[in-house]
Amino acid sequence: GHPPVPHLDEVTTSSFNISNVQAEVLIVDPTGFKKLMNMVIPTISTVDIMLDMSTQPSASLNMAFSQTGLHKLGIQDNLNDTVFSGGQFADAPNLAESTNTWVSQFKGTSIHGVYITASDSSNSLMQQNSALQTVLGTTIQVVYSIQGQARPGDQAGHEHFGFLDGISQPTIEGFGTPLPGQVTVPAGKLLLNREQDQMTRPSWTIDSSFVAFRQLKQLVPEFNTFANDHPASIPGMSQAQAAELTQARMMGRWKSGAPVDLAPLFDDPVLGADPTRNNNFNYTHPGFNSSSDQIHCPFSAHIRKNVPRTDLDPIDLAHHILRSGIPYGPEVTEVEQQSGQTMMERGLLFLAVQSNIASGFQFLQKAWMNNPEFVKHKSVLPGLDPVMGQNNGSARFTTGLDPMNPEGNTTLPMQFVVSRGGEYFFMPSLSALRHIISS
Ligand code: N7H
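On a predicted model such as this, the values are computed, not experimentally measured, just so you know. (Residues numbered from 1 in each chain as written. Predicted model: local features only at pLDDT ≥ 70, side-chain atom pairs only at ≥ 80, totals over all residues. Heavy atoms only, no water.)

Visitor: Please provide a residue-by-residue account of unusual backbone geometry, values included.
Guide: A cis amide bond links D313 to the next residue, P314, at an omega of 0°. Turning to its location among the elements, P314 is positioned in the loop between α10 (302-306) and β8 (322-323). Looking along the chain, the bond that leaves F374 and enters V375 is cis, with omega of 5°. With respect to the helices and strands, V375 occurs in the loop between α12 (361-369) and β11 (396-399). One non-glycine residue with positive phi stands out, namely Y283, at about 75°. Counting through the fold element by element, Y283 comes out in the loop between α9 (269-272) and α10. (Helix = DSSP H or I, 4+ residues; strand = E, 2+ residues; numbered from the N terminus.)

So this is what it looks like as structure tokens:
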């Protein structure tokens, strides 16, 4: 077996969540690039450096490479992830999405790599970007870039629909005490060549990972209109509260982060903000039959589809991902709000880390969120995840939105999240960068 505990000074990351730039690049001059990478690698951030406030740089940098990019760099080793090798464009049918809505640069397999710079200050971010471009010069060419930005004021940490994000993440075995309700996974579920990474890989890939990058456009006014048109029918509840409840049930959490499983009718912001309680639930309740109980949380809710907790027996550790998302695009304008129509693009720059894309990102999208039958053995077919389930842009159905009629079917006229595409990348550990990506 593989050694269990990863070296945090080897695992690369770029984990500021105030602002970042993700730039898709072509490697124009591989020989020159590999030489210049010797100067870049010392500025690439690792988990141990980012975890310690005293060593955290003012801006972070990370890099990842597509299959085409590894080939361009002369790396022919088989990393043994066919979904990665095929690229995300070829994977679109498996995700039940049309590539008509994709950013043109993501169509095909031409992107070689991505660099991500991130910071809590826009000045440091700009400096980091220009420093990198100065060093790498004409060995690379940026073909597409997009900037992520935390939302203003009290919406920082919330994505564009308004929900607090980044609450529930798996932790790796061997690192401290998990928070109540937090799942601990073997390191090999997230990192290559660690315990329970089931595939055979070149030894130099140890502590590297695969990332799925997605630009996901969110139709916020449309999402709000839908909820206003489908308020939960709780007697005595105002229309605004009832619409908010519908959205909370679509997500499985209130905008504050409070899980509907613990706060089924009204938001509880104190619960939402409490890390010792806001993830400590498992969809079972004394006196309730968990195969029919949607009074607390719908079977199809976004968080329940992605992490079914005790809906699966035994609990399944194979499909956990590490998420790091950041919003992009402007705030909803008055005109958009009033018309109910998105006029300016906004959404989430979504990034999922895992050791195996077919059992991580791809699996969650295909086998769980898009699958009306998941989770099985319930009193009703759950339908699709109303937030992120995809059906090639066609109408979708879900159940459980109204706690007064939880087995009732609701047609979702559209997808409130529209994929603009993305790519699958290999994110090398520091030693992989040193030994393979530089010369
Ligand atoms: Fe989701 N959102 O910000 O509204 N997600 N997600 N997601 N998501 C979660 O628990 C969101 C997407 C997961 O452990 C929360 O941390 C949006 C994809 C998983 O109980 C919120 C988009 C995939 C979890 C959102 C989007 C996932 C999760 C609650 C697209 C995987 C953890 C906060 C625009 C393929 C569930 C939290 C758990 C939670 C949002 C996409 C996966 C608020 C807007 C594509 C595993």
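Visitor: Would you mind going over the coordination of the iron atom of the ligand in detail, with residue names and values included?
Guide: Looking at the iron atom of the ligand, one finds just one donor atom contributed by the protein, H302 (NE2), at 2.1 Å. Tracing the sequence through the fold places H302 in helix α10. (Donors = N, O, S within 2.8 Å, 3.2 Å for Na, K, Ca; no water.)

Visitor: Quick one: what's the story with helix α13 (residues 430-437), residue by residue and with numbers?
Guide: Across the eight residues of α13, six count as buried, placing the element largely inside the fold. Within α13 the residues assigned to the buried category are L430, S431, A432, L433, I436 and I437. Buried residues belonging to α13 abut α1 (30-40), β2 (59-65) and α3 (67-72). (Buried < 20%, exposed > 50% of the residue type's maximum accessible area, 1.4 Å probe, protein only. Contact = heavy atoms within 4.5 Å.)

Visitor: Outline the environment of D77, supporting the account with residue identities and numerical values.
Guide: In this structure, D77 sits in the loop between α3 and α4 (82-86). Take D77: its relative accessible area is 38%, and that puts it in the partly exposed class. Excluding its chain neighbours within four sequence positions, the residues that come into contact with D77 are P202 and W204. Within the structure, D77 has its side chain in polar contact with the side chain of W204 (distance 2.7 Å). (Polar contact = N/O pair within 3.5 Å; in protein donor to acceptor, adjacent residues only side chain to side chain.)

Visitor: Break down the site of the ligand for me, with residues and values.
Guide: As a matter of local geometry, the ligand sits amid 26 residues, with E159, I167, S168, H302 and R309 nearest to it. Within the side chain of D165, a nitrogen or oxygen atom sits 3.4 Å from an oxygen atom of the ligand. One of the side-chain N or O atoms of R253 is found 3.2 Å from an oxygen atom in the ligand. The element contributing the most residues to the shell around the ligand is α12, with four residues. Its residues placed into classes, the shell around the ligand shows 15 nonpolar, six polar and five charged. Inspection of the shell around the ligand shows a minimum of three residues originating in each of domain 1 (19-216 + 422-437) and domain 2 (218-316 + 371-416). (Near = heavy atom within 4 Å. Nonpolar A, V, L, I, M, F, W, Y, C, P; charged D, E, K, R; others polar. Domains from an automatic or database assignment.)

Visitor: Explain empty space enclosed by the protein residue by residue, including any values.
Guide: In this approach, a probe sized like a water molecule rolls over the atoms, and the result shows the empty space that is left. Inspection of every chain in the model, using the stated rule, returns one cavity of 30 Å³ or more. Approximately 50 Å³ is the volume found for the largest cavity. Among the secondary structure elements, those contributing two or more residues to the lining of the largest cavity are β1 (19-27), β2 and β3 (113-119). Across the lining of the largest cavity, the residue classes break down as ten nonpolar, one polar and no charged. (1 Å grid on protein atoms, 1.4 Å probe; cavity = no way out; pocket = protein on both sides within 12 Å on 5 of 7 lines; lining within 4 Å. Points joined across faces, edges and corners; volume = space filled by probe spheres on them.)

Visitor: Describe in detail the domain arrangement of the protein chain, supporting the description with residues and values.
Guide: The figure often quoted for interface size is the accessible area lost as the parts come together. Examined at the domain level, the protein chain breaks down into domain 1 (19-216 + 422-437) and domain 2 (218-316 + 371-416). One C-alpha centre belongs to domain 1, the other to domain 2; they are set 31 Å apart. Contacts between the two partners involve 19 residues from domain 1, matched on the other side by 25 residues from domain 2. Surface buried jointly by domain 1 and domain 2 totals about 1,900 Å² across both partners, of which 60% is contributed by carbon and sulfur atoms. It is F161, F163 and I167 in domain 1 that bury the most area against domain 2; as a group they hold 39% of the surface buried on that side. At the junction of domain 1 with domain 2, the criterion picks out zero salt bridges. Linking domain 1 with domain 2 are nine residue pairs in polar contact (both at pLDDT 80 or more), by the criterion used here. The residue inventory of the side of domain 1 that touches domain 2, partitioned by class, reads nine nonpolar, seven polar and three charged. (Buried area = accessible area lost by both parts, 1.4 Å probe. Salt bridge = Lys/Arg side-chain N within 4 Å of Asp/Glu carboxyl O.)

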